[in-house]
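Residue-level structure breakdown
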Amino acid sequence: MLILLAIYRSEISAVSSDTSPKTFVVQQGDNYFSLAERLKEENLIKSTTFYKLYLRLNRPSNTLVSGTYELNEAMSVSEIIRILSDKSNQSDSEVQITFREGLNIRQIANIVERKTGIPEDDFINKASDKEYVKSLQEKYWFLTDEVLNDQIYYALEGYLFPDTYNFSPDDLTSEDIITKMLDNTSSKLEPYRGQLENNTYSIHQIITLASLIELEAETDEDRAMVAGVFYNRLNNNWSLGSDVTTYYAARKNLSETLTQSDLNDCNGYNTRCTSMRGLPVGPIDNPSLSAIEAALNPTENSYYYFVADTDKKVYFTRTANEHEQIIAKLKEQGKWAS
């Protein structure tokens, strides 16, 4: 019994000693139990099971109050419940959201919902609304008519710049978030405007290529080399053969498994489809400046293949036979990343 009690006390204690504030939004319709998964995702509780057990043993006397709160990992379950039940603890400060490089619209929408309470579907629908996007074109020079292609999943994919943003929580909408992100994109792309507008490839194609490079390599050097490989394939009318495009085409996360059906499905994105040549119809994520610079300034080389190991080291080869030899060697060493 004493052992069980010790486990219980440990599991409802603070996750860590980190007091860095985390913005947590309680939405209308939430209850203490429904918050369990989100609290765990934010690393604010150790266990959803013991969190719910605490609630059953210590029924909160106050009703859960919707709003924006500041919590941290140094708070125990009892402290978190106490704060969420008192409206005076609501935060009037700005909501800070970080979108890392390489996230796609679906992933961004998920973060937006968790941080602000704006439903994922609301954000996704706004980022896909062609009439809305048309209204943005006069303000943002980089949004060309190519983003309105019917094959594109989300019109603004690729153009929401990855960064840390601060938003006022009052009456915050999807449009507010999108506008702030596009303003940042405009600022970040302005120094490259000449290169983007006077390139063999269109602005949309460069951003599309950058989105592939973003997910295929991590260092600036490797990204420029990967860009060179992609250009070699494009110049020789080869398929790009990039798995990351197949994941996006199938609306799967990179941690999921691709099926043969996914690989064979020919649509505007899947460059593994044997009949597809050239770039995907649009970006598959929102790339960093590093990836965009690589797309604009590739390292010229004579390679047509590349593969990364589990340590993110990228190997470049000229022929399919050399490529397969590298893969076989990585598998023997237990470093095959696929």
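For the structure itself, look to the data block above.
Okay, so let's go over this structure. Source: prediction; values computed, not measured.

Calculation rules
Residues numbered from 1 in each chain as written. Predicted model: local features only at pLDDT ≥ 70, side-chain atom pairs only at ≥ 80, totals over all residues. Heavy atoms only, no water. Phe/Tyr/Trp six-rings, centres within 6.5 Å; stacked < 30°, edge-to-face > 60°. Helix = DSSP H or I, 4+ residues; strand = E, 2+ residues; numbered from the N terminus. Buried < 20%, exposed > 50% of the residue type's maximum accessible area, 1.4 Å probe, protein only. Salt bridge = Lys/Arg side-chain N within 4 Å of Asp/Glu carboxyl O. Pairing = 2+ DSSP bridges. Contact = heavy atoms within 4.5 Å. Core = buried A, V, L, I, M, F, W, Y, C linked by side-chain atoms within 4.5 Å. Axes fitted to C-alpha atoms, helices over the stretch in contact; angles between N-to-C directions. Parallel < 35°, antiparallel > 145°, perpendicular 65-115°, else oblique. Left-handed = near helix turned anticlockwise from the far one by under 90°. Nonpolar A, V, L, I, M, F, W, Y, C, P; charged D, E, K, R; others polar.

Considerations on the packing of aromatic side chains
On inspection of all chains with the given rule, the structure shows 16 aromatic pairs. Ring centres of Tyr-153 and Tyr-248 lie 5.5 Å apart, and the angle between their planes is 20°; on these two criteria the pair is classed as stacked. Here the residue Tyr-153 occupies a position in the loop between helix H7 (130-136) and strand E4 (164-167), and Tyr-248 occupies one in helix H12 (residues 243-249), the gap between them amounting to 95 residues. One exposure class covers both Tyr-153 and Tyr-248, and it is buried. Residues Phe-230 and Phe-306 carry aromatic rings whose centres are separated by 5.6 Å and whose planes lie at 80° to one another, so their mutual orientation is edge-to-face.

What to know about the pattern of salt bridges
All told, the structure shown has 16 salt bridges when counted by the stated rule. The closest approach of N and O atoms between Glu-175 and Lys-126, which form a salt bridge, is 3.1 Å. Taken together, the residues Glu-175 in helix H8 (residues 174-189) and Lys-126 in helix H6 (residues 120-128) connect sequence positions 49 residues apart. For Glu-175, a relative accessible area of 36% gives the class partly exposed. When the shortest N-O distance is used, the salt bridge between Asp-262 and Lys-252 registers 2.7 Å. Placement of Asp-262 in helix H13 (residues 260-264) and of Lys-252 in the loop between H12 and H13 is noted, with a sequence separation of 10 residues between them.

As for the pairing of strand E6 (residues 314-317)
Side-chain alternation along E6 places Val-314 and Phe-316 on one buried face and Tyr-315 and Thr-317 on a second face that is also buried. Relative to E6, strand E5 (residues 305-308) runs antiparallel, the two being bridged by 4 bridges. Bridge assignment links Tyr-305 to a residue of E6, and that residue is Thr-317. If you look at the hairpin formed by E5 and E6, you'll find 5 residues sitting between the two strands, and Lys-312 has a positive phi there, around 75°.

What to know about helix H14 (residues 289-296)
Of all 8 residues making up H14, 6 are buried, and the element is well covered by its neighbours. Every buried residue belonging to H14 is among Ser-290, Ala-291, Ile-292, Ala-294, Ala-295 and Leu-296, and all of these are buried. In this structure, the buried side of H14 is in contact with H8, helix H9 (193-197), helix H10 (203-216) and helix H11 (220-235).

Quick notes on the nonpolar core
Of all hydrophobic cores here, the largest spans 73 residues; its most connected members are Phe-99, Phe-142, Leu-182 and Ile-213. Excluding residues within four positions of it along the chain, Phe-142 makes contact with Tyr-159, Leu-182, Thr-185, Ser-186, Leu-189 and Ile-203. Formed by 22 residues, the second largest nonpolar core is a distinct cluster that contains Tyr-8, Leu-44, Leu-64 and Tyr-69.

Some points on the environment of Ser-211
Considering the arrangement of structural elements, one finds Ser-211 in helix H10. Considered as a pair, Ser-211 and Leu-160 are 51 residues apart in the sequence and their alpha carbons are 12 Å apart. Apart from residues lying up to four places away in sequence, Ser-211 is in contact with Pro-283, Ile-284, Asp-285 and Pro-287.

A closer look at the environment of Tyr-247
By secondary structure assignment, the location of Tyr-247 is in helix H12. The contact partners of Tyr-247, leaving out residues within four places of it in the chain, are Lys-252, Asn-253, Leu-254, Glu-256 and Leu-258.

Quick notes on the packing of H11 against H14
Packed helices, taken two at a time, are described by their axes: the angle between them and the distance between them. Direction vectors running N to C along H11 and H14 enclose 40°, while the axes themselves pass 8 Å from each other. In this view, H11 runs oblique relative to H14, as classed from their interaxial angle. Once H11 is placed against H14, the crossing between them reads as right-handed. Facing H11, whose interface residues are Asp-220, Arg-223, Ala-224, Ala-227 and Tyr-231, H14 presents Ser-290, Ala-291, Ala-294 and Ala-295.

Some details on the packing of H6 against H8
Two elements in contact, H6 and H8, have axes separated by 9 Å at closest approach and are oriented at 55°. When the axes of H6 and H8 are compared, the pair comes out oblique. When the axes of H6 and H8 are compared, the crossing they make is right-handed. Residues Asp-122, Phe-123, Lys-126 and Ala-127 of H6 form the contact with H8, whose own contacting residues are Ser-174, Glu-175, Ile-177 and Ile-178. Tallied by class, residues from the contact of H6 with H8 come to 4 nonpolar, 1 polar and 3 charged.

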